[in-house]
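Listed below, chain by chain, are the residues.
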Amino acid sequence: KAIAYYTKAGELGDAFSLCNLGRMYALGQGVKKDVVAAAGYYAQAAEAGDDVAMYNLAWCYEHGVGVEQDAEKAAEWYARSNFKPIEGVHFDESN
C-alpha cells in the first residue's frame, strides 16, 4: 500500500514521498526494480528541496546508476545537499 500512498502524495508534489518512491524503485521494494525511475523520482524530490534526494541523486550521477555518469552534476548535488550519511555506512542501490 505504501507505493499507492507515496504515488498520490508525490503527484501532489510532496518531496518526501517522491524521495521514498525513488528508494522503493531503486531497491525493488513493492515494485519492480527500476533505477531509471528511481533517479527520476530523486530528481523531482531534489528539485523540490529534499536533502536526502539531493544526496541520492548525486550518488546516482557519481556512479552512473539510472542516469549518465556525470561528475559535475554529482558534485553540484552533493554540494546542495545538507544530508550527511553515517560514517562507515555504504550507500549502494545498484545491487
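Refer to the structure presented above.
Anyway, here's the lowdown on the structure attached to this text. Nothing here was measured: the structure is a model prediction, and the numbers come from that model. (Residues numbered from 1 in each chain as written. Predicted model: local features only at pLDDT ≥ 70, side-chain atom pairs only at ≥ 80, totals over all residues. Heavy atoms only, no water.)

Let us look at the pattern of salt bridges. For the coordinates displayed, the defined rule picks out 1 salt bridge. Here Arg80 and Glu76 are joined by a salt bridge, their closest N and O atoms 3.6 Å apart. Note that Arg80 and Glu76 are positioned in helix α5 (residues 71-80) at a spacing of 4 residues, about one turn of the helix. Judged by relative accessible area, which is 38%, Arg80 ranks as partly exposed. With a relative accessible area of 41%, Glu76 lands in the partly exposed category. (Salt bridge = Lys/Arg side-chain N within 4 Å of Asp/Glu carboxyl O. Helix = DSSP H or I, 4+ residues; strand = E, 2+ residues; numbered from the N terminus. Buried < 20%, exposed > 50% of the residue type's maximum accessible area, 1.4 Å probe, protein only.)

Bringing the side chain of Asp50 into the picture now. Tracing the backbone shows Asp50 in the loop between α3 (35-47) and α4 (51-63). Arg23 provides the closest opposite charge to the buried, salt-bridge-free Asp50, at an N-O distance of 11 Å. Within the structure, the side chain of Asp50 is placed 2.8 Å from the backbone nitrogen of Ala53, a separation counted as a polar contact. Residue contacts for Asp50: discarding those within four places in its chain leaves Ala15, Phe16, Cys19 and Ala45. (Lys, Arg positive; Asp, Glu negative; His and termini not counted. Polar contact = N/O pair within 3.5 Å; in protein donor to acceptor, adjacent residues only side chain to side chain. Contact = heavy atoms within 4.5 Å.)

On to the environment of Gly66. Position of Gly66 relative to the elements: it lies in the loop between α4 and α5. Owing to a relative accessible area of 21%, Gly66 belongs among the partly exposed residues under this scheme.

The nonpolar side chains of a soluble globular protein tend to be buried, and buried together. Within the largest apolar cluster, 22 residues are counted, with the highest numbers of intra-cluster contacts made by Tyr25, Tyr42, Ala46, Leu57 and Trp77. Among the secondary structure elements, those contributing two or more residues to this core are α2 (15-27), α3, α4 and α5. Contacts of Ala46, omitting those with residues within four sequence positions, involve Ala53, Met54, Leu57 and Trp77. (Core = buried A, V, L, I, M, F, W, Y, C linked by side-chain atoms within 4.5 Å.)

This paragraph deals with the packing of aromatic side chains. Applying the stated criterion to the full structure yields 2 aromatic pairs. Where Tyr25 meets Tyr41, the ring centres are 5.5 Å apart and the plane angle is 25°; that geometry is what we call stacked. Here Tyr25 is found in helix α2, whereas its partner Tyr41 is found in helix α3, with 16 residues between them in sequence. (Phe/Tyr/Trp six-rings, centres within 6.5 Å; stacked < 30°, edge-to-face > 60°.)

Taken by themselves, the reported measurements are silent on function.
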